[in-house]
Amino acid sequence: MFSSQRLYTEGTYASLIAKHRFNILAKAVFKEINALDEAIRNVPVKIDLGTMQFSDICAKSNGSCVSNAILEIMDNNNDEMEQTSITFPIYRNQSEVYFLGSAVGGVKLNENNVVESAQAIRLYYYLKEDEANRQKVNLWLDEFLKVLSNYTAADFIEVSYFTSRSRQEELEANSKEVIPLFSVTYFLSTTFAIISCMRLDNVWTKVWVATFGVLSAGLAVLSSFGMLLYIGVPFSMTVATAPFLILGIGVDDMFIMISAWQQTNVCDSVEKRLADTYKEAAISITITTLTDILAFYIGLMTQFRSVQSFCLYTATAILFCFIYNITFFGAFMALDGRREESEMHWLTCRKVEFQNPKGRYKCDSKSCKEKNDDVDTVNVHLISGLFKDYFGPFLTKSWSKAFLTLLYAAYLAGSIYGCIQTKEGIDLRNLAPDNSYVIKYYSDEKLYFSTYGPSVMLILNGEFKYWSKTERAALNSSLEIFQSLPFVDKSLFVSWLNVYEEYAKSIFNINNEIEFKSYLPGFLEKSYFKQDVNFTNDKIYASRFFIQTINIDDGDKEKNMLNKLREVAANCSDNNKNYSFMVYHPAFIYYDQYVVIVSNTIQNILVATAAMLVISLLLIPNPLCSLWVTFAIASVIVGVVGFMTLWDVNLDSISMINLVICIGFSVDFSAHISYAFVSSGKDKPNEKAIDALYTLGYPIVQGAVSTILGVLVLSASQSYIFRTFFKILFLVILFGAVHGIAFIPVFLTFFEICTCSEKVNNENKETNAGSMSTYGNPEFDYGPNMVEDGQSQFTFSLNNQNQVSQCVSVNGNCSLEMKFEPDCP
């Protein structure tokens, strides 16, 4: 009783498409098709006790292997081809009805709907699905792939092939690319980290620090993945892209910590320098770590298992990355700091003789009392100086701000246009590598067999009174609604009830319940409708009909078809209390993504953005600046969605993963620069922007470049999954970095809304030997007034930092001008 139309899954099968440029049904060509079919059916497969063939494990109907319609019509004899008039898409002979819409493609018909020529034939070989035959079936499918991969047909036909296991096997084959690609990525990231942190000075260079920073990220991947795999968390194929991401995040945090270390006073002890480094960098990387982890854990709310798996692995890896950065990497920074303190060579660890005081700052009892700016010229990287002396001042000019505002408007316009053009759904071809045989099969299928789509089951659930003439009329009215849909071929509607009515006309009264039920079992046994009626204990609990869809050849049509069928089914069910309608086809598992992909994506973005705002409010000491960070998130997300569409990337479960990444990464650069802006001790907004760029401009560029290098090798991948990951992450990093070092610093200077420094009134800045009035009344102690040659020197303690100030004494009084910049807010 096997029927491929009635399968509730795709089934277990092998399939091939043979195509010809002119006419696949020509006698000579069809002879080759018959020979190929015979070779496949007779291919011997070795098993433990001998060999087997297709006939030993085939799915059977009426005791015989299920054959292909077009071959059965010709009775596997190409001599009959030219004498047979084949009608399309339905062919009827004396005893059978054949649907050829999925078997013959590229059809040219005459006025009588008779096939004049066809360009393609598709053959199916269905197999048993029981557990006892599973091993044999797998062996036969392997042999089928071997035969077809080595098949050399005549010059006039081409063959593509596929099995029910191919999609899964080819998807898993993508993972084989990960190890070599990740090896290249790790090398590139390590090389870039070393070069970007290298100095010509053999003491101040950070070669080993950069190396161990990359190692720290690698250890985080191993630890997190090892732990999750050990406790049995499912590993989805999409998780294979996570290590590339974690490497970028870890290296980014490393650059922030190195930058903070390099801005400490080289004359301080290692303990003091490390404390100052953590004071400056820990909050910044904690903000970004919390936002990243939260963004990915929020991604667990989605209904896509592949997205859930990716988010869980990635969030856990980021957490481990943070732990390793503040422990393992921090400890190594301390060791390297002791090497610096002892002026040892970075490679040999031998003391380097001090020969050029101007080239490298030397700490001694005198120089340690000098102003720390002298140290900055040596200890801070050259590119950081470029941000301070050139890029920052350029960015804060009025005409530069106007240009950047116009540029941002153009960026936003292009992004919104792209968002409007967004397409949903994943093409199944994209799950296989580019060089896979699956791609060719899917392409041929779309080219020749897209006219007739899924044969959808229309299930009537409930104890419906099929024998009631009134009830049947109501049922037919509902069925008419389905048949009248624009994507349904009404002439191909399959109804057991219609056939039963015809069968009953000359035999019994179908409107009589007893007669209806008594004749039904015999009718079902004789026909192929037995699987369409659940007739148990003299009751019909459910039955099904079939509607044939047409012209469903792209994602939008698949989505519209599914939504409309379910809408009509729901409306028809609402009108009847005793029964309900349901529509189903095995392909709906792929179409169902359209139902939730947009809502899930929007939900994740909104919830994550709200969470980012809360974290920013807690950790960035200015509410308005936190809003700018949230604005940056929204801006980057809109840009990524818009430009990924213009880059031929659809909104599907794979790109949805990357949009979750987008939420986390879009906050990183903006949060870093916003925190540096608010924390700056400068007075004016422009000065704060320059100072923030000086502090974090270079680490942001380093982090962006290192992350792009981390995924750059994926652009050459044979896998759509990896290429999509590269495209979206490239857009995320590019737009995030531009926001961090250009748009956000400029926007923060507008209206002085994020300026936290307080200006001191001149009237409150007087002091003499006995008293000092201050703004904000900070606590301090000051020593006695010492007058020497008209100079007065005050030594006082402010916020536990010893300060020395001098002023000119006039008539015994000293006017000392001071500014106090309390912590924001």
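Residues numbered from 1 in each chain as written. Predicted model: local features only at pLDDT ≥ 70, side-chain atom pairs only at ≥ 80, totals over all residues. Heavy atoms only, no water.

1. Considerations on the packing of helix α9 (residues 270-298) against helix α10 (residues 305-341)
Moving on, step 1. It is at 10 Å that the axes of α9 and α10 come closest, and there the two elements cross at 170°. As judged from the angle between their axes, α9 and α10 are roughly antiparallel.
Moving on, step 2. Residues belonging to the contact of α9 with α10 are distributed by class as follows: 17 nonpolar, nine polar and six charged. (Axes fitted to C-alpha atoms, helices over the stretch in contact; angles between N-to-C directions. Helix = DSSP H or I, 4+ residues; strand = E, 2+ residues; numbered from the N terminus. Parallel < 35°, antiparallel > 145°, perpendicular 65-115°, else oblique. Nonpolar A, V, L, I, M, F, W, Y, C, P; charged D, E, K, R; others polar.)

2. Comments concerning a nonpolar patch on the surface
Moving on, step 1. Where nonpolar side chains cluster on the molecular surface, the patch consists of Phe394, Trp399, Phe403 and Leu407 and spans about 450 Å² of accessible area.
Moving on, step 2. Among the elements that line the nonpolar patch, the one with the most residues is helix α13 (residues 398-420), at three residues.
Moving on, step 3. Secondary-structure assignment places Phe403 in helix α13. (Patch = residues over 30% accessible without salt bridge, like charges linked within 9 Å, V, L, I, M, F, W, Y side chains within 5 Å. Areas by Shrake-Rupley, 256 points an atom, 1.4 Å probe, with all protein chains shown as cover. Salt bridge = Lys/Arg side-chain N within 4 Å of Asp/Glu carboxyl O.)

3. A look at the sheet that holds strand β1 (residues 13-19)
Sheet strands associate in pairs through backbone hydrogen bonding, adopting either a parallel or an antiparallel arrangement.
Moving on, step 1. Spatially, four strands are ordered β8-β11-β1-β12 in an open sheet, and the strand pairing comes out antiparallel. Two strands lie at the open edges of the sheet, namely β8 (104-105) and β12 (158-163), each paired on one side alone.
Moving on, step 2. In the sheet, β1 pairs with β12 via six bridges, with the strands oriented antiparallel. From the neighbouring strand, Ala14 faces β12, where its bridge partner is Thr163.
Moving on, step 3. Here helix α1 (residues 27-42) sits on the sheet and contacts β1, β11 (120-126) and β12; the angle it forms with β11, its principal contact strand, is near 15°.
Moving on, step 4. Contacting β1, β8, β11 and β12, helix α14 (residues 437-448) runs over the sheet at an angle of about 110° to β12. (Pairing = 2+ DSSP bridges. Contact = heavy atoms within 4.5 Å.)

4. A short note on the state of the cysteines
Moving on, step 1. The full count for this structure, using the stated rule, is one disulfide.
Moving on, step 2. The residue that forms a disulfide with Cys58 is Cys65, at a sulfur-sulfur distance of 1.8 Å. Between Cys58 and Cys65 the sulfur-sulfur dihedral comes to about -70°; the bridge is accordingly left-handed. (Disulfide = S-S within 2.5 Å.)

5. Remarks on the packing of α13 against helix α24 (residues 720-748)
Moving on, step 1. Look at α13 against α24: their axes get within 10 Å of each other, and the N-to-C directions meet at 135°. Judged by the angle between their axes, α13 and α24 are oblique. α24 is crossed by α13, and the crossing has left-handed handedness. Taking contact as the criterion, the partners of Lys401, Leu404, Leu407, Tyr408 and Tyr411 in α13 are, on α24, Phe735, His739, Ala742, Phe743, Val746 and Phe747.
Moving on, step 2. Its residues placed into classes, the contact of α13 with α24 shows nine nonpolar, one polar and one charged. (Left-handed = near helix turned anticlockwise from the far one by under 90°.)

6. What to know about the pairing of β11
Moving on, step 1. For β11, the buried fraction is high: seven of the seven residues fall into the buried class.
Moving on, step 2. Neither face of β11 is open: one carries Ala120, Arg122, Tyr124 and Tyr126, the other Ile121, Leu123 and Tyr125, and all of them are buried.
Moving on, step 3. In this sheet, β11 lies alongside β1 in antiparallel orientation, the contact comprising seven bridges. Directly across from Ile17, in β11, lies its bridge partner Arg122.
Moving on, step 4. In the sheet, β8 pairs with β11 via two bridges, with the strands oriented antiparallel. When the sheet's bridge partners are listed, Val104 is paired in β11 with Ile121. (Buried < 20%, exposed > 50% of the residue type's maximum accessible area, 1.4 Å probe, protein only.)

7. A short note on helix α6 (residues 178-197)
One turn of an α-helix holds 3.6 residues; hence residues three or four places apart share an orientation.
Moving on, step 1. The end-to-end C-alpha distance of α6, which contains 20 residues, comes to 28 Å, matching closely the 28 Å that a straight helix rising 1.5 Å per residue would cover.
Moving on, step 2. For α6, the complete set of buried residues consists of Val178, Leu181, Phe182, Thr185, Ser189, Thr190, Phe192, Ala193, Ile194, Ser196 and Cys197.
Moving on, step 3. Lining the buried residues of α6 we find α7 (207-230), α8 (242-262), α23 (685-712) and α24. (Expected span 1.5 Å × (residues − 1).)

8. As for unusual backbone geometry
Glycine aside, residues mostly have negative phi, and peptide bonds are mostly found in the trans state.
Moving on, step 1. Pro89 follows Phe88 through a cis peptide bond whose omega is 5°.
Moving on, step 2. Relative to the helices and strands, Pro89 is located in the loop between α3 (69-73) and β6 (90-92).
Moving on, step 3. The residue Asn113 is not glycine, and still its phi comes out positive at about 60°.
Moving on, step 4. Checked against the element boundaries, Asn113 lands in the loop between β9 (108-109) and β10 (115-117).
Moving on, step 5. For Asp648, which is not glycine, the phi torsion reads 65° and is therefore positive.
Moving on, step 6. Within the secondary structure layout, Asp648 lies in the loop between α21 (623-646) and α22 (653-679).

9. Notes on the confidence of the model for the protein
Moving on, step 1. Across the protein, the average pLDDT comes to 80, with 85% of residues at 70 or higher.
Moving on, step 2. Ignoring residues within four places in sequence, the model shows residues 355-361, a span with pLDDT below 50, making 19 contacts including any to other chains.
Moving on, step 3. Considering only residues more than four positions removed or in separate chains, one finds that residues 819-825, a stretch of pLDDT under 50, has 17 contacts. (pLDDT = per-residue confidence, 0-100.)

10. Side note on the packing of aromatic side chains
Two descriptors summarise a pair of aromatic rings, namely the distance from one centre to the other and the angle between the planes of the rings.
Moving on, step 1. This structure, assessed with the given rule, holds 62 aromatic pairs.
Moving on, step 2. Ring plane angle 65° and centroid distance 6.4 Å describe the contact between Tyr441 and Tyr442, whose orientation is recorded as edge-to-face.
Moving on, step 3. Residue classification places Tyr442 among the buried residues on the basis of a relative accessible area of 7%.
Moving on, step 4. Both rings, one in Trp496 and one in Phe545, keep their centres 6.5 Å apart while their planes meet at 15°; by these two values the pair is stacked. Of the two residues, Trp496 is situated in helix α16 (residues 496-504) and Phe545 in strand β16 (residues 539-550); the sequence distance between them amounts to 49 residues.
Moving on, step 5. The ring of Tyr694 has Lys388 lying over it, and the distance from NZ or CZ to the ring centre is 4.7 Å.
Moving on, step 6. In this structure, Lys688 packs its charged tip against the face of Phe677, placed 6.0 Å from the ring centre. (Phe/Tyr/Trp six-rings, centres within 6.5 Å; stacked < 30°, edge-to-face > 60°. Lys NZ or Arg CZ within 6 Å of the ring centre and 35° of its normal.)

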